[in-house]
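# Understanding the architecture of this molecule
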Amino acid sequence: MRCIAVANQKGGVGKTTTSVNLAVALARSGLDVCLVDLDPQAHATLHAGVQPGAHPLSAWDLLAGETTLAEVRVACGGGLHVVPSHIDLSAAEMALATRAGRESILRRRIEADPACRGDAGAVRHDVMIIDCPPSLGLLSLNAMAAADEVLLPLQPHFLALHGLSKLLETMELVAERVNPRLRLLGVVLCLYESGTRLAGEVARDVEEYFRAGNARHPILSDGRVFQSRIRRNVRLAEAPSFGQSIFDYAPDSHGAQDYAALAAEVLQAAAVPERDAARRAA
Ligand code: ADP
Ligand code: MG
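Residues numbered from 1 in each chain as written. Chains lettered and ligands numbered in written order. Predicted model: local features only at pLDDT ≥ 70, side-chain atom pairs only at ≥ 80, totals over all residues. Heavy atoms only, no water.

A word on the layout of surface pockets. Approximately 510 Å³ is the volume found for the largest pocket. Considering the residues around the largest pocket, the lining is formed by 26 residues, among which Gly12, Gly14, Lys15, Thr16 and Thr17 are closest to the centre. Listed by contribution, the elements that provide at least two residues to the lining of the largest pocket are helix 1 (15-28), helix 2 (43-47) and helix 11 (234-238). Of the residues assigned to the lining of the largest pocket, the class counts are twelve nonpolar, ten polar and four charged. (1 Å grid on protein atoms, 1.4 Å probe; cavity = no way out; pocket = protein on both sides within 12 Å on 5 of 7 lines; lining within 4 Å. Points joined across faces, edges and corners; volume = space filled by probe spheres on them. Helix = DSSP H or I, 4+ residues; strand = E, 2+ residues; numbered from the N terminus. Nonpolar A, V, L, I, M, F, W, Y, C, P; charged D, E, K, R; others polar.)

Given below as structure tokens:
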């Protein structure tokens, strides 16, 4: 199973919109996808059509208790499973503050789960997508400790790169201490205003930043700025309140086109971790 954390400590950059629509796009391409909502706001849960609180267990139970992934995940049909969030997750930081190994709880749950391990059984996940909260706290650390790859949504405005070095430092720490597999999958430009000069300029700055940063941050070396840019599209903003992905809500919209294109690029990029594994094995 490939595990992708969608992270950026800034809010409102398109993490949740990307997590849900990418998860559904991948499921529609025939993969079995598990979407994990680690944001206490539970927007991804709602967007995927799952009512937070309607299920007795949530990501909170997964992290705080002895609950297994199989017990919390909700089958949504069409190859999609959701691990719902709950507002209780907002207390995780404090509640787990003294617990040893608290950054790798999610990782241990994944390692213990037959569907994630690919064991024969009723469910076998091909991909896990983790929607992170807008902070670099314990929840995002758990996501990065569990993930193979980080997908970084950026909104192209003039402060887009501000704070990025903090995120990269955090990724490096996680890679050093708990998860040496961790890599940047890439940057996806969201809320893209095609045709404006600013968006074009910021897109170039972002590309330059990552080209220049490759040498300094080995974790970035396979990262890319995705060709598919997610244009600003009102349908994408409307879909969550109907509990539908863009593919169900407005299949002919720009939003659906852009996320389908991103999913295709993400699938192509799958060759990278495999190459890494081959390199390590050699
Ligand atoms: P984050 O999870 O990073 O906080 P969201 O995905 O929730 O960001 O997006 C923030 C807001 O912008 C939401 O209201 C969402 O519906 C809206 N939004 C996200 N992407 C787009 C887009 N491409 N076009 C229009 N609205 C968008
Ligand atoms: Mg969000």
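We now examine helix 10 (residues 197-213). Compared with the 24 Å implied by 1.5 Å per residue over 17 residues, the 24 Å span of helix 10 between its first and last C-alpha is a close match. Within helix 10, the full set of buried residues consists of Ala199, Gly200, Val202, Ala203, Val206, Phe210 and Gly213. Where helix 10 is buried, its residues meet strand 6 (149-154), helix 9 (164-177) and strand 7 (183-189). (Expected span 1.5 Å × (residues − 1). Buried < 20%, exposed > 50% of the residue type's maximum accessible area, 1.4 Å probe, protein only. Contact = heavy atoms within 4.5 Å.)

Phi at Ala42 is positive, roughly 60 degrees, even though this residue is not glycine. Within the secondary structure, Ala42 is located in the loop between strand 2 (33-37) and helix 2. Exposure remark for Ala42: the relative accessible area of 4% places this residue in the buried category. Phi at Leu191 is positive, roughly 50 degrees, even though this residue is not glycine. Looking at where Leu191 falls in the secondary structure, it is placed in the loop between strand 7 and helix 10. Taking the relative accessible area as the measure of exposure, Leu191 reaches 26% and is therefore partly exposed.

Taken together, 14 residues lie near ligand 1, and Gly12, Lys15, Thr16, Thr17 and Asn233 sit nearest. At 2.7 Å, a backbone N or O of Gly12 approaches an oxygen atom of ligand 1. Contacts to ligand 1 include Val13, whose backbone N or O atom sits 3.1 Å from an oxygen atom. Protein contacts shield 78% of the accessible area of ligand 1, which totals 550 Å² for the unbound molecule. Here ligand 1 occupies the largest pocket. (Near = heavy atom within 4 Å. Polar contact = N/O pair within 3.5 Å; in protein donor to acceptor, adjacent residues only side chain to side chain. Areas by Shrake-Rupley, 256 points an atom, 1.4 Å probe, with all protein chains shown as cover. Sits in = over half its atoms within 2 Å of the grid points.)

Another point: the sheet that holds strand 4 (residues 80-83). If you walk across this open sheet you meet the seven strands as 3-4-2-5-1-6-7, and the pairing is mixed. Unpaired on one side and paired on the other, strand 3 (74-77) and strand 7 mark the two borders of the sheet. Adjacent strand axes in the sheet meet at a mean angle of 25 degrees, parallel and antiparallel pairs treated alike. In this structure, strand 2 lies alongside strand 4, joined through four bridges in parallel fashion. What sits directly across from Cys34, in strand 4, is His81. Running over the sheet, helix 10 touches strand 6 and strand 7 and is turned about 170 degrees from strand 7. (Pairing = 2+ DSSP bridges. Axes fitted to C-alpha atoms, helices over the stretch in contact; angles between N-to-C directions.)

Further remarks concern the environment of Gly121. In this structure, Gly121 sits in the loop between helix 7 (114-117) and strand 5 (127-131). Each C-alpha atom, one on Gly121 and one on Ser140, is 30 Å from the other, the two residues being 19 residues apart in sequence.

What follows concerns the packing of aromatic side chains. All chains considered together, the criterion is met by two aromatic pairs. Aromatic pair Tyr209 and Phe210: ring centres 5.3 Å apart, planes at 70 degrees, arrangement edge-to-face. Where Phe242 meets Tyr249, the ring centres are 4.9 Å apart and the plane angle is 20 degrees; that geometry is what we call stacked. (Phe/Tyr/Trp six-rings, centres within 6.5 Å; stacked < 30°, edge-to-face > 60°.)

So, on to the nonpolar core. Core analysis: the largest hydrophobic core is formed by 53 residues, its most contacted members being Met128, Ile130, Leu182 and Phe210. Dropping the residues within four chain positions of it, Phe210 is found in contact with Leu152, Leu164, Leu184, Val187, Leu220 and Val225. (Core = buried A, V, L, I, M, F, W, Y, C linked by side-chain atoms within 4.5 Å.)

The next point concerns the side chain of His125. Mapped onto the elements, His125 comes out in the loop between helix 7 and strand 5. Here His125 falls in the buried class, since its relative accessible area comes to 4%. Here Arg73 takes part through its side chain, which lies 3.1 Å from a polar atom of the side chain of His125. His125 has contacts with Met1, Asp32, Val33, Cys34, Arg73, His81, Asp113, Ala115 and Cys116, leaving out every residue within four places of it along the chain.

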